[in-house]
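Chain by chain, the residues:
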Amino acid sequence: MASESPVRHRQSPRRRSPSRRDESSRSPSPRTKRLRRAQGEREVGRGREREDSRGREKRGERERRREGDKEEKTRRNVTDLEVGDKRRRGGSGREETEERRIAEDERQTNRGRRERSASPSDRNSRKIRRSPDRPSASRHDEGSNARGRGEEPNNEDDSIARMKAAEEALAKKKKEEPSFELSGKLAEETNKYRGIPLLFNEPPEARKPNKRWRLYVFKDSEPLDEPLQLHRQSCYLFGRERRVADIPTDHPSCSKQHAVIQYREVTVEKPDGMVEKQVKPYLMDLGSTNKTYINKDPIESERYYELREKDTIKFGNSSREYVLLHEGSAE
């Protein structure tokens, strides 16, 4: 009997399971990349939101502290003034104690108000910081305990009224304080030009003229030189002091600061009843010794006299005459 040769079964090749090394070397799919990127962006956005909310809370807390410090400083100043007034008037010690108590109550009341007006985020943060053994109480109870002495909540109106009265008293005190501003002769001494005190200040209604006014100078009825232009500024000073005079008058009878021509804006009523503003020339004598004359008539010192076209002006005993005309005057 022939021996049977052993049948060799053909074995199927084994499937190799992917190793961990293969899995790690394989790149993630595009979908996985998008998910990871979106998740990273969300985490960054949450982090920024948390930082912004913390920054807002810190800024709000700093502003509230700053406002509270300002209010408390103002109330302390008001309280100190009131206590000082009481002491000067000879008030008793009991009144001073009462004033201090009222001031302390006002501070506690405002502190309770600030706590009530806090934002929800601040309230939550305060609750987190609170120790577990402290009993939870309402904001109303905290404000009443801070005020103490069994005061009722409606006393807030009385404290506000007292605070307003104290502020009014402080404002009245400030109004009654002495004024150290310059006035009278002291102010006149500061009105200097080139080291020389001026005897004249321009008024608020001073304006430059809108007409080209001129002064024609005559001596013994004969014209002298060119006419003087009087339209380039709002004021012209006449006198012997050449350092300050716009138009010098060298005659010995004239004063150093003799007179002034001032242009002023005034309200004029027309024949038809309408009202308009016009700029007109005025002459003022500055307290000269030998007077100023308009059409040979002396004028009072330190008073405005309106000048009209073709008026004649003289200073002291000088023989010179100044005739006022403008560019539209008939020759």
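Keep in mind that this is a model prediction, so the values were computed, not measured.

Draft legend 1. Region of interest: the overall build of the protein chain. The helix and strand tally for the protein chain stands at seven helices and 14 strands. Counting the 331 residues in the protein chain, one finds 27% classified as buried. Across the protein chain, the fraction of contacts at a sequence separation of at least 24, relative to all contacts at a separation of at least 6, is 49%.

Draft legend 2. Highlighting the pairing of strand 3 (residues 213–219). Here strand 3 runs beside strand 14 (residues 320–326); their pairing, made up of seven bridges, is antiparallel. Bridged to Phe 218 within strand 14 is Glu 321. Judged from the two bridges that link them, strand 3 and strand 5 (residues 228–229) form a sheet pairing that is antiparallel. Across the sheet, Arg 214 pairs through a bridge with Gln 229, a residue of strand 5. Summarising the sheet, strand 3 and strand 4 (residues 222–223) pair through two bridges and their orientation is antiparallel. Across the sheet, residue Phe 218 finds its bridge partner in strand 4, namely Pro 223.

Draft legend 3. Expanded view of the confidence of the model for the protein chain. Averaged over every residue, the pLDDT of the protein chain is 76; residues scoring 70 or more account for 67%. The low-confidence segment residues 124–153 (pLDDT under 50) makes 21 contacts with residues lying over four places distant or belonging to another chain. A low-confidence stretch, residues 179–188 stays under pLDDT 50, and its non-local contacts, those more than four residues away or across chains, total four contacts.

Draft legend 4. Looking closely at unusual backbone geometry. The backbone of Glu 302 sits at a positive phi, close to 60 degrees, despite the residue not being glycine. For Glu 302, the location among the structural elements is in the loop between strand 11 (297–298) and strand 12 (305–306). Phi at Lys 310 is positive, roughly 75 degrees, even though this residue is not glycine. Among the structural elements, Lys 310 can be located in the loop between strand 12 and strand 13 (312–315).

Draft legend 5. Expanded view of the sheet that holds strand 9 (residues 275–285). Taken together, the five strands give an open sheet; going across it, the order is 7-6-8-9-12, and neighbouring strands pair in mixed fashion. The outermost strands of the open sheet, each flanked by one partner alone, are strand 7 (247–248) and strand 12. Of the pairings in the sheet, the one linking strand 6 (residues 235–239) to strand 8 (residues 259–269) comprises four bridges and is antiparallel in character. For Tyr 236, the partnering residue across the bridge sits in strand 8 and is Ile 261.

Draft legend 6. Up close: the pattern of salt bridges. On inspection of all chains with the given rule, the structure shows nine salt bridges. Between Arg 207 and Glu 265 there is a salt bridge, with the nearest N and O atoms lying 3.4 Å from each other. With Arg 207 in the loop between strand 2 (196–197) and strand 3 and Glu 265 in strand 8, this residue pair connects regions lying 58 residues apart in the sequence. Owing to a relative accessible area of 33%, Arg 207 belongs among the partly exposed residues under this scheme. The salt bridge involving Glu 300 is made with Arg 303; its shortest N-O contact spans 3.3 Å. The exposure class of Arg 303 is partly exposed, given its relative accessible area of 43%.

Draft legend 7. Summary view of the packing of aromatic side chains. Counted by the stated rule, this structure contains four aromatic pairs. Pairwise contacts between aromatic rings join Phe 238, Phe 315 and Tyr 322 into one cluster. Its guanidinium or amino end placed over the ring of Tyr 282, Arg 264 lies 4.8 Å from that ring's centre, counting from NZ or CZ. Over the ring of Tyr 304 we find Arg 264, and its NZ or CZ is 4.3 Å from the ring centre.

Draft legend 8. Inspection of the pairing of strand 9 at higher detail. Two elements, strand 8 and strand 9, share eleven bridges in a ladder whose sense is antiparallel. Looking across to strand 9, one finds that Tyr 263 is bridged to Pro 281. The sheet contact formed by strand 9 and strand 12 spans two bridges and is antiparallel. Looking across to strand 12, one finds that Tyr 282 is bridged to Glu 306.

Draft legend 9. Here's a closer look at the nonpolar core. If you look at the biggest cluster of nonpolar residues, it comprises 20 residues, and the most contacted ones within it are Leu 215, Leu 230, Ile 261 and Leu 283. Elements represented by at least two residues in this core include exactly strand 3, strand 6, strand 8, strand 9, strand 13 and strand 14. Dropping the residues within four chain positions of it, Leu 215 is found in contact with Pro 227, Leu 228, Leu 230, Phe 238, Ile 247, Ile 261, Tyr 322, Val 323 and Leu 324. Ile 196, Cys 235, Leu 237 and Leu 286 belong to the second-largest nonpolar core, a separate cluster that totals eight residues.

Reading the values: the criteria
Residues numbered from 1 in each chain as written. Predicted model: local features only at pLDDT ≥ 70, side-chain atom pairs only at ≥ 80, totals over all residues. Heavy atoms only, no water. Helix = DSSP H or I, 4+ residues; strand = E, 2+ residues; numbered from the N terminus. Buried < 20%, exposed > 50% of the residue type's maximum accessible area, 1.4 Å probe, protein only. Contact = heavy atoms within 4.5 Å. Pairing = 2+ DSSP bridges. pLDDT = per-residue confidence, 0-100. Salt bridge = Lys/Arg side-chain N within 4 Å of Asp/Glu carboxyl O. Phe/Tyr/Trp six-rings, centres within 6.5 Å; stacked < 30°, edge-to-face > 60°. Lys NZ or Arg CZ within 6 Å of the ring centre and 35° of its normal. Core = buried A, V, L, I, M, F, W, Y, C linked by side-chain atoms within 4.5 Å.

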